[in-house]
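Here are the chains, one letter per residue:
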Amino acid sequence: MQRANWFAISPEGAKAVTALHHYVTTSTGLPDRLVHLVFLRVSQINGCAHCIDIHTRDLIKAGMNVDTLVLVPVWHEASYLFSAQERSALAWAEEVTRVSETHASDAAYAAVAEAFSEKELVDLTLTIAAMNAINRMGISFRMKPRAQPARE
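Quick caveat, the model's predicted, so the values are computed rather than measured.

### Some remarks on the overall build of the protein
At step 1: When you go through the protein residue by residue, the secondary structure sums to nine helices and zero strands.
At step 2: In terms of C-alpha radius of gyration, the protein reaches 16 Å, essentially the compact-globule figure of 15 Å for 152 residues.
At step 3: Along the longest, intermediate and shortest principal axes, the C-alpha atoms of the protein span 45 × 40 × 30 Å.
At step 4: Counting contacts in the protein only where the partners sit at least 6 residues apart, residues at least 24 apart contribute 67% of the total.
At step 5: Of the roughly 8900 Å² of accessible surface on the protein, a fraction of 57% belongs to carbon and sulfur atoms.
At step 6: Of the charged side chains in the protein, 14 are positive and 16 negative; the average position of the first set lies 11 Å away from that of the second.

### Points about a nonpolar patch on the surface
At step 1: Together, Ile 60, Val 66 and Val 70 make up an exposed nonpolar region whose accessible area comes to about 270 Å².
At step 2: Turning to its location among the elements, Val 70 is positioned in the loop between α5 (66-69) and α6 (84-97).

### Focus: the state of the cysteines
At step 1: Taken as a whole, this structure holds zero disulfides when the rule is applied.
At step 2: Not part of a disulfide, Cys 48 finds its nearest cysteine sulfur in Cys 51, a span of 3.5 Å.
At step 3: According to the relative accessible area criterion, Cys 51 is buried, its value standing at 3%.

### Looking at the packing of α6 against helix α8 (residues 106-113)
At step 1: The geometry of α6 relative to α8 is characterised by a closest axis approach of 9 Å and an angle of 150° between their N-to-C directions. For the element pair α6 / α8, the angle class is roughly antiparallel. In this structure, the crossing between α6 and α8 has a hand that is left-handed. Residues Ser 88, Trp 92 and Glu 95 of α6 form the contact with α8, whose participating residues are Ala 108, Tyr 109, Ala 111 and Val 112.

### Some details on the UniProt feature "domain: Carboxymuconolactone decarboxylase-like" (unreviewed entry) in the protein
At step 1: Sequence positions flagged by UniProt for "domain: Carboxymuconolactone decarboxylase-like" (unreviewed entry) are, in local numbering, residues 11-95.
At step 2: Along residues 11-95 one finds 71% helix and 0% strand; the C-alpha atoms at either end are 31 Å apart.

### Thoughts on the packing of helix α3 (residues 32-46) against α6
At step 1: Across the interface, α3 lies against α6 with an axial gap of 9 Å and an inter-helix angle of 35°. When the axes of α3 and α6 are compared, the crossing they make is right-handed. Residues Arg 33, Leu 34, Leu 37, Val 38, Arg 41, Val 42, Ile 45 and Asn 46 of α3 pack against Gln 85, Glu 86, Ala 89, Leu 90, Ala 93, Glu 94 and Thr 97 of α6.
At step 2: Of the residues assigned to the contact of α3 with α6, the class counts are eight nonpolar, three polar and four charged.

### Overview of the environment of Met 64
At step 1: Turning to its location among the elements, Met 64 is positioned in the loop between α4 (49-61) and α5.
At step 2: Taking the relative accessible area as the measure of exposure, Met 64 reaches 5% and is therefore buried.
At step 3: In this structure the C-alpha to C-alpha distance between Met 64 and Glu 152, which are 88 residues apart in sequence, comes to 28 Å.
At step 4: Sequence-distant contacts of Met 64, that is, excluding residues within four places in its chain, are made with Arg 33, Leu 37, Leu 59 and Leu 69.

### Here's the deal with the packing of aromatic side chains
At step 1: The final tally for this structure, using the stated rule, is two aromatic pairs.
At step 2: Arranged with centres 4.3 Å apart and planes meeting at 35°, the rings of Trp 6 and Phe 7 form a pair that is tilted.
At step 3: Using a relative accessible area of 7% as the deciding quantity, one classes Trp 6 as buried.
At step 4: Overall, Phe 7 belongs to the partly exposed group, its relative accessible area being 39%.
At step 5: When the centroid spacing of 5.9 Å and the interplanar angle of 70° are considered together, the rings of Trp 92 and Tyr 109 count as edge-to-face. Placement of Trp 92 in helix α6 and of Tyr 109 in helix α8 is noted, with a sequence separation of 17 residues between them.

What counts as what
Residues numbered from 1 in each chain as written. Predicted model: local features only at pLDDT ≥ 70, side-chain atom pairs only at ≥ 80, totals over all residues. Heavy atoms only, no water. Helix = DSSP H or I, 4+ residues; strand = E, 2+ residues; numbered from the N terminus. Rg over C-alpha atoms; globule rule 2.2 N^0.38 Å. Contact = heavy atoms within 4.5 Å. Areas by Shrake-Rupley, 256 points an atom, 1.4 Å probe, with all protein chains shown as cover. Lys, Arg positive; Asp, Glu negative; His and termini not counted. Charge placed at Lys NZ, Arg CZ, Asp CG, Glu CD. Patch = residues over 30% accessible without salt bridge, like charges linked within 9 Å, V, L, I, M, F, W, Y side chains within 5 Å. Salt bridge = Lys/Arg side-chain N within 4 Å of Asp/Glu carboxyl O. Disulfide = S-S within 2.5 Å. Buried < 20%, exposed > 50% of the residue type's maximum accessible area, 1.4 Å probe, protein only. Axes fitted to C-alpha atoms, helices over the stretch in contact; angles between N-to-C directions. Parallel < 35°, antiparallel > 145°, perpendicular 65-115°, else oblique. Left-handed = near helix turned anticlockwise from the far one by under 90°. UniProt positions renumbered as here; feature names shortened; annotations may be inferred. Nonpolar A, V, L, I, M, F, W, Y, C, P; charged D, E, K, R; others polar. Phe/Tyr/Trp six-rings, centres within 6.5 Å; stacked < 30°, edge-to-face > 60°.

Below you can see the structure in the form of structure tokens.
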């Protein structure tokens, strides 16, 4: 079943979501790699194929090697591949994305607050919130990934 093109149906809504995405990708001062790493991890948790495709490509374009990229879903086991700040951001991304289960625990907040200033922590949380919103739209309206079948 073909689903609605939410960008076309609600341009003002799309503009609002896009504005938040634009803010977190251009104005927070958070490292680009960290932002796209968080976008990817949130999208993996939510199962948004469109966003996983985009942010995997963004990280490759930014120079992340495939060996690191394929281990993002299990970063806890491959933590040595990620900086201390990236590990903190990934942990907070999981905590906030699963907020109905975790309730953004005090322990998780204390841990992430050691790696980020208050402003950075707010911006990191906005980054997570933006991707969660985009994932929900992408999944609900079945936005397709750019990936194409291999030609043999």
